[in-house]
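Observations on the model geometry
Residue strings, one per chain:
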Amino acid sequence: MIVRRCRRVLQAQLQSAAWGVHACVHATAALAACMLGIAAPLAFAAPTVEYALGLEPFQPGVEYDQLSAGEADKATISMEKGAGGSAWVVRAEDGRVLRTFSDTNNDRVVDRWSYFRNGIEVYRDIDSDNNSKADQARWLGEAGTRWGVDDNEDGVLDRWESISAEEVTAEIVAALAEGNARAFSRLLPSRDELEAAGFQGERLEALTARTAAAAQGFADLVAGQPPVERDARWNNMLASLPGVLPADGDTMAKDAVAYDNVVALFEAGGSTGQVFVGSLVKCGNAWRPLDMPQLPGKTGEISEPLAFFSPRMPAAAAAGPQMSDAIKPLLESLRTVEEALMQAGPTQRPQLMARQLAVLQEIAAEAPAEDRDFWIRQLAETIAAAVQESAIEDGIERLQLLGEQVAGDPDLAGFVAFRLASSRYAAGMLAEDADLEAVQTAWLSDLEAFVEAYPASQDAAEAMLQIGIAEEFSGNEEAAVQRYLQIADAFPATAAARKAAGAARRLESVGKPLPLTGTTSDGRPFSLASLKGTPVLVHYWATWCEPCKVDIARIRELRESIGPKRFAVVGISLDADRDTLTSYLGSNGIPWVQLYEEGGLDGRLAEELGVLTLPTMLLLDAEGNVVDRNVMITDLEKKLGEVLSQP
């Protein structure tokens, strides 16, 4: 099977090789062969296990079997034929299937990339139009039922062919955590889908208007800071049984199935939360939401839900913390204050924030015991935010007092203690006569004390990350690596752990190959391995980073003087918004490849090497090994000369 175009950087060598029945071309020859569209000689070696196991799913978050180096050495790859065509099959030592790369239509081109867990296929990328670019993604087995379609083949799904109600609520939680309006919009039904489901007349018009409002409302909701924590993870879906909307010849052309009053539960930062999803409608094989999700825990009651079978959700399931008669007017006051804060100017905010804190304190005092934890956390967060805005003068004292009040609860005490330490640091940095070095020293001392006192707190991961960053930038890199690895081991499911593990990998990268893969800004798969044979500069940057733009100008000069065949550049944009990057590239014509994924500094591309500041540049030699993991633009020409002069 000949792969005519590279699918990822690592895939460039595996799939650009001739995936023939008996042989696979060596990386360089294979790339030339596949670009020319010719088969390679059968005398070349088969694709290696290392290459095959280096391939990754196009879509993030897929859980599949990955082997240690020792286990990979004992794995095998072979061509196998079956009723469904030919495939390269990777097996573990015990015979378990790990990956299959298949030609399903016998045109000698890989068109299905499958990933397995415990010997069972859990995910596949599909090239349904046989142009060597994946345009569909399917989750299988215990991984669920999602089937997504990437219409424009840019690596990002555009619509769902199939998705369960539970998976819809999980996607909504993820979209809220990532601030991803596109991910939410692709869940919503189109007018055609609603009509095909049976809706017509006034009901069809009303639902069409609701979904349009939901898309815009969600975009507005996540325009600033994502409304839930970045590390929020879906836990469960709460709902009664689905019901049938019977055909009536008026608003329903045929029976339709729907859920009402759906709630998604999630976990984040050691606590739990709820998202009110509302109604879901089944459109073909895909369940669809109709309204913008609501976060009742933030301001109390949700707005009046529009339900098919009942006027509103029972308060116990919908409103998060329970509301007594004493709390209801306080919640209304809180809502009023927070709405005013959204519109307030700098001179109005201090007074409004003081009022917000007063109301929150009353709510925390009146809340029933089972809800008090929630409101104390809200109070601590709000005090800390007010300190950072210099909106109140006694914020440190308030947090100290709050910490004393919750001292008997280790979880709450740790939560408040971290906000206290952060507020001390913010207040110190904002002081007119701030001694920045002294403030930084005190901050690190507070973090050390926090980690010692509350080692199991979810905030301990962030505290340790800040300490590790300080150690790295002070030149104490060995201690920084140990700190980063400690975070990754103790808090493996957190964003801080992913960033820390990447930072440790970066600090220890010199002399090692860099296994970088991704998707270009125009949607093509890319692998750094495809550039082997040429020195490469990897440049992490963003359009909002002015020093990065200075670097780009100098890199352009060096590339032109040395020549693109002797010096390659790979840009990695950490912009939060794809459109901003696309516009900048269109106006500035940067001639080298640009990788992009959503998430910015918190996304996968940044996390894999723990990129903490921009610009960050790594220089690789012609063999693909890192020569300098933090090359400065002023030293780049000299470093390049040394690399190019190597035999």
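Residues numbered from 1 in each chain as written. Predicted model: local features only at pLDDT ≥ 70, side-chain atom pairs only at ≥ 80, totals over all residues. Heavy atoms only, no water.

Describing the overall build of the protein chain
Helix and strand counts for the protein chain stand at 23 helices and 20 strands. Counting all 647 residues of the protein chain, 50% fall into the buried class. Sequence separation of 24 or more characterises 57% of the internal contacts of the protein chain that already satisfy a separation of 6 or more. Counting every atom, the protein chain has about 29300 Å² of accessible surface; 51% of that belongs to carbon and sulfur. (Helix = DSSP H or I, 4+ residues; strand = E, 2+ residues; numbered from the N terminus. Buried < 20%, exposed > 50% of the residue type's maximum accessible area, 1.4 Å probe, protein only. Contact = heavy atoms within 4.5 Å. Areas by Shrake-Rupley, 256 points an atom, 1.4 Å probe, with all protein chains shown as cover.)

Here's the deal with the state of the cysteines
With the rule as written, the count across this model stands at 1 disulfide. Bridging cysteine 545 to cysteine 548, the disulfide has an S-S length of 2.3 Å. Sign of the S-S torsion, about 80° for the bond between cysteine 545 and cysteine 548, identifies this disulfide as right-handed. Across the pair, cysteine 548 and cysteine 545 agree in class, each one buried. (Disulfide = S-S within 2.5 Å.)

Re the pattern of salt bridges
Using the criterion set out here, one finds 31 salt bridges in the structure. Arginine 124 serves as the salt-bridge partner of glutamate 121, at 2.8 Å between the closest nitrogen and oxygen. The burial state of glutamate 121 is the same as that of arginine 124; both residues are buried. One salt-bridge network, held together by shared partners, links Glu63, Arg117 and Glu142. (Salt bridge = Lys/Arg side-chain N within 4 Å of Asp/Glu carboxyl O.)

Details of the sheet that holds strand β20 (residues 626–628)
What holds strands together in a sheet is hydrogen bonding between their backbones, with the strands either parallel or antiparallel. Here we have 5 strands laid out as an open sheet, ordered β18-β17-β16-β19-β20, and mixed in their pairing. Lying at the two open borders of the sheet, with one neighbouring strand each, are β18 (593–596) and β20. When strand polarity is set aside, the average angle formed by the axes of neighbouring strands in this sheet is 30°. Bridge analysis of strand β19 (residues 616–620) against β20 gives 2 bridges, and the strand direction is antiparallel. Bridge pairing in β20 links leucine 619 to aspartate 628. (Pairing = 2+ DSSP bridges. Axes fitted to C-alpha atoms, helices over the stretch in contact; angles between N-to-C directions.)

What to know about the confidence of the model for the protein chain
In low-pLDDT segments, the atomic positions of the prediction should not be examined closely. Per-residue confidence for the protein chain gives a mean pLDDT of 85, with 89% of residues at or over 70. Across the protein chain, strand β16 (residues 536–541) holds the top mean pLDDT of 98, while helix α2 (residues 27–36) sits lowest at 29. Throughout residues 1–45 the model reports pLDDT below 50, and contacts reaching past four residues in sequence, or to other chains, amount to 136 contacts. Confidence drops under a pLDDT of 50 for residues 311–322, and excluding neighbours within four residues, the segment shows 31 contacts in the predicted structure. (pLDDT = per-residue confidence, 0-100.)

Re the nonpolar core
Judged by nonpolar contacts, the single largest core of 54 residues is most densely connected at Val90, Phe101, Tyr123, Ile172, Phe184, Val275 and Leu280. Ignoring any residue separated from it by four or fewer positions in sequence, one finds valine 90 in contact with Val49, Ala52, Leu53, Thr76, Ile77, Arg96, Val97, Leu98, Arg99 and Phe101. Counting residues in each nonpolar core, the second largest holds 44 residues, with Tyr540, Leu585, Leu605 and Leu620 among its members. (Core = buried A, V, L, I, M, F, W, Y, C linked by side-chain atoms within 4.5 Å.)

Observations concerning the sheet that holds strand β4 (residues 112–117)
Pairing in this open sheet of 8 strands is antiparallel, and the strands run β1-β2-β3-β4-β5-β6-β7-β8 from one edge to the other. Every other strand in the sheet has two partners, leaving β1 (76–82) and β8 (159–162) as the edge strands with one partner each. The sheet shows a mean angle of 20° between the axes of neighbouring strands, direction not considered. As judged from the 3 bridges shared by strand β7 (residues 147–149) and β8, these two strands associate in the antiparallel manner. Across the sheet, glycine 148 pairs through a bridge with tryptophan 160, a residue of β8.

Some thoughts on unusual backbone geometry
A negative phi angle characterises most non-glycine residues, just as the trans form characterises most peptide bonds. Put simply, leucine 614 and proline 615 share a cis peptide bond, and its omega is -5°. For proline 615, the position within the fold is in the loop between α22 (604–607) and β19. Even without glycine at this site, asparagine 130 takes up a positive phi of about 55°. Here asparagine 130 lies in the loop between β5 (120–126) and β6 (136–139). Residue class for asparagine 130 comes out partly exposed when judged on its relative accessible area of 34%. At asparagine 261, a residue that is not glycine, the phi angle is positive and equals roughly 55°. Position of asparagine 261 among the secondary structure elements: in strand β11 (residues 256–268).

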